[in-house]
Amino acid sequence: MVLRILHTADTHLGSGLLHGRINPHTGQNTRFEDFVSTLGMVIDRAISESVDLVLFGGDAFPNATPEPAHQEAFARQFKRLSEAQIPTVLLVGNHDLYGRAGASASLNIYTALGVPGFIVGDSLTTHRIETRSGPVQVVTLPWVHRSTLLTKDVTRGMSLDQVDELLVQRIETALEGEIRGLDPKVPALLTAHAMMDRAVYGAERHLAVGKGFCLPVSLVARPEFKYVALGHVHRHQILCEDPPVIYPGSIERVDFGEEKEDKGFMLVEIGEGPARYEFIKLPARSFRTLQLDLAESVDPQAALLQAIGSIVLDGCVVRLRYSLHTHQAEQINLEELQRALAPAFSCQIQPQLISKLAQPRVPGLGENSTLNPVEALKQYLQTQESSEEFQRDLITAAQRLLEGEGAQRSKTATRQSTEIEGDMSTMTQEKLDQLRLL
Ligand SMILES: [Mn+2]
């Protein structure tokens, strides 16, 4: 018997909208339409391949209260799996959780509606699923937040490190219980939404700071599982080959942090021997950054136009960044640049004045700044275009880092806060860019 599975994750419907515009024909954001169309291709493939099971590794939307249109688009696509009688496991990711421990998730609507063949993985448990090719056991491990333990007496007075350690132990014990309860005659899979300690990540690394903890790969790479289907990190990667422990990655690029990453999903075959798997690339929309240093340029406008002309822009999300001296600024004709960039799907023009680069980029953020790191971060964010919600999240995360999330200030928290102070005073262009990418 061979069991065929499609594994996808991190659909993030509703993310990255600032790179799109309203489509006058549909009233929807064009980037949202990209995400829906790419998700449609994933579902098409599941149906055309007639897979036995679909595993969705979590993070359906950017948050737990998605816009009705985003919720509807997700439902319309996944409903096709139910109609095709393909059992589907929807795992709950951090972005799907409303509030903290024990709260509901946007995906729970599917449990409430009793959609045939749909299982929502909102707790660590084992589901036995009957597929066309026979039975399979799927252990679901949704996103676990530290707060599940922080409210308990047992963590009173513990440092964040100790809480994390205890959380990993608890998960290990609970997972061990699930593993012992498995039927050895039926193939078993694990699907988990988590940051694994061997993952290489882009933008998520910063999101992770102060927001969660890592699980060791060894905890999930157990011989009892034929395949471990992960979600959370947007960059596709294989953390272990036997058994396969795999992040399929997001289906579309959420921001420029994912510019160089391939996007896709996994097709998996579970038979006698080791699982076979293949990464299927998706034609996700391309992101292109054009970066020019024009300080020495006699004709910066010509240099920019030449650079724009040298790459294929058609249909790409483009970012044009250039540095130049103040006196060169009047040589730049923005309208002409915009015309040259017109074939792009969308574009951002980001000039940087060199005379300013040498100085603190934000008033009061120099090396001798007396601001505390949170105030410094607030000042910095005021100069940014990121959403208020994101800014609030970032400030909360920073405060939690510095204050130690209700527990005593741990060694780690102190070390991290020192790093932040260091970062703030010697903030490089690269770091600023990373912050902007979040
Ligand atoms: Mn996630």
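Rules used throughout
Residues numbered from 1 in each chain as written. Predicted model: local features only at pLDDT ≥ 70, side-chain atom pairs only at ≥ 80, totals over all residues. Heavy atoms only, no water. Helix = DSSP H or I, 4+ residues; strand = E, 2+ residues; numbered from the N terminus. Buried < 20%, exposed > 50% of the residue type's maximum accessible area, 1.4 Å probe, protein only. Contact = heavy atoms within 4.5 Å. Areas by Shrake-Rupley, 256 points an atom, 1.4 Å probe, with all protein chains shown as cover. Polar contact = N/O pair within 3.5 Å; in protein donor to acceptor, adjacent residues only side chain to side chain. Core = buried A, V, L, I, M, F, W, Y, C linked by side-chain atoms within 4.5 Å. Phe/Tyr/Trp six-rings, centres within 6.5 Å; stacked < 30°, edge-to-face > 60°. Lys NZ or Arg CZ within 6 Å of the ring centre and 35° of its normal. Donors = N, O, S within 2.8 Å, 3.2 Å for Na, K, Ca; no water. Pairing = 2+ DSSP bridges. Axes fitted to C-alpha atoms, helices over the stretch in contact; angles between N-to-C directions. Parallel < 35°, antiparallel > 145°, perpendicular 65-115°, else oblique. Left-handed = near helix turned anticlockwise from the far one by under 90°. Nonpolar A, V, L, I, M, F, W, Y, C, P; charged D, E, K, R; others polar.

Brief notes about the overall build of the protein
Regarding its fold elements, the protein presents 14 helices and 17 strands. Considering the protein as a whole, with its 438 residues, one finds that 51% of them fall into the buried category. Taking all contacts inside the protein whose residues are at least 6 apart in sequence as the whole, residues at least 24 apart take part in 70%. Accessible surface for the protein amounts to roughly 20500 Å². Of this, 50% is attributable to carbon and sulfur atoms.

Quick notes on the side chain of Gln237
Checked against the element boundaries, Gln237 lands in strand E11 (residues 237–241). Here the side chain of Gln237 touches Arg235 through a polar contact of 3.0 Å, landing on its backbone oxygen.

Describing the environment of Arg132
Its location among the elements puts Arg132 in the loop between strand E5 (125–131) and strand E6 (134–141). Along the sequence, Arg132 and Ser50 sit 82 residues apart, while their C-alpha atoms lie 9.6 Å from each other. Beyond its immediate stretch of four places on either side in the chain, Arg132 contacts Ser50, Val51, Asp52, Ala84, Gln85 and Ile86. At 3.1 Å, the side chain of Arg132 and the backbone oxygen of Val51 are in polar contact. Here the side chain of Arg132 touches Ala84 through a polar contact of 3.5 Å, landing on its backbone oxygen.

Considerations on the nonpolar core
Ranked by size, the top nonpolar core spans 33 residues in total, and within it Leu13, Phe74, Phe78 and Leu107 carry the most contacts. Those elements that place two or more of their residues in this core are helix H1 (30–48), strand E2 (53–56), helix H2 (68–83), strand E4 (118–121) and strand E13 (264–270). At seven residues, the largest contribution of residues to this core is made by H1. When near neighbours in sequence (up to four residues on either side) are disregarded, Phe74 contacts Thr11, Leu13, Leu39, Phe56, Ala60, Phe61, Leu90, Leu107 and Tyr110. Residues Val168, Leu182, Ala192 and Leu239 belong to the second largest nonpolar core, which totals 32 residues.

Points about the packing of aromatic side chains
This model, assessed by the stated rule, comprises seven aromatic pairs. With a centroid separation of 5.6 Å and 65 degrees between ring planes, the pair formed by Phe56 and Phe74 is classed as edge-to-face. Taken as a pair, Phe56 in strand E2 and Phe74 in helix H2 lie far apart in primary sequence, 18 residues in all. With relative accessibility at 0%, the residue Phe56 sits in the buried group. On the numbers, 5.8 Å between centres and 50 degrees between planes, the contact of Tyr110 with Phe118 is tilted. There is no split in this pair, since Tyr110 and Phe118 are both buried. Among the aromatic side chains, those forming a connected cluster through ring pairs are Phe56, Phe61, Phe74, Phe78, Tyr110 and Phe118. Over the ring of Phe345 we find Arg285, and its NZ or CZ is 3.7 Å from the ring centre. For the cation-ring pair, Arg319 lies above Phe256, with the distance from its terminal atom to the ring centre recorded as 4.2 Å.

Focus on the coordination of the manganese ion
Coordination sphere of the manganese ion, protein contribution only: Asp59 (OD), Asn94 (OD1), His193 (NE2) and His232 (ND1), at 2.0 to 2.2 Å. Residue classification places Asp59 among the buried residues on the basis of a relative accessible area of 1%. Of the residues examined, Asn94 reaches a relative accessible area of 23% and is grouped as partly exposed.

Overview of the pairing of strand E17 (residues 346–353)
Two strands pair when backbone bridges link them, and strand E16 (residues 317–324) and E17 are joined in this way by eight bridges, in the parallel orientation. Residue Val317 lies in a different strand from E17, and its bridge partner there is Ser346.

Brief notes about the packing of H1 against H2
Running from N to C, H1 and H2 point in directions that differ by 10 degrees, and their axes come no closer than 9 Å. For the element pair H1 / H2, the angle class is roughly parallel. H2 is crossed by H1, and the crossing has right-handed handedness. Side by side, H1 and H2 meet where Phe32, Val36, Leu39, Gly40, Ile43, Asp44, Ala46 and Ile47 of the first sit next to Ala69, His70, Ala73, Phe74, Gln77, Phe78, Arg80 and Leu81 of the second. Here the residues of the contact of H1 with H2 are counted per class, giving eleven nonpolar, three polar and two charged.

Topic: the sheet that holds E17
By way of backbone hydrogen bonds, the strands of a sheet pair with one another, either parallel or antiparallel. The strand order E15-E16-E17 describes an open sheet built from three strands, whose pairing is parallel. The two strands at the open ends of the sheet, each matched to only one other strand, are strand E15 (287–293) and E17. Neighbour-to-neighbour, the strand axes of this sheet turn through a mean angle of 10 degrees, independent of strand direction. Pairing of E15 with E16 involves seven bridges; the strand directions are parallel. Bridge pairing in E16 links Leu292 to Tyr322. Across the sheet, helix H8 (residues 300–309) lies against E15 and E16, angled at about 150 degrees from E15, the strand it touches most.

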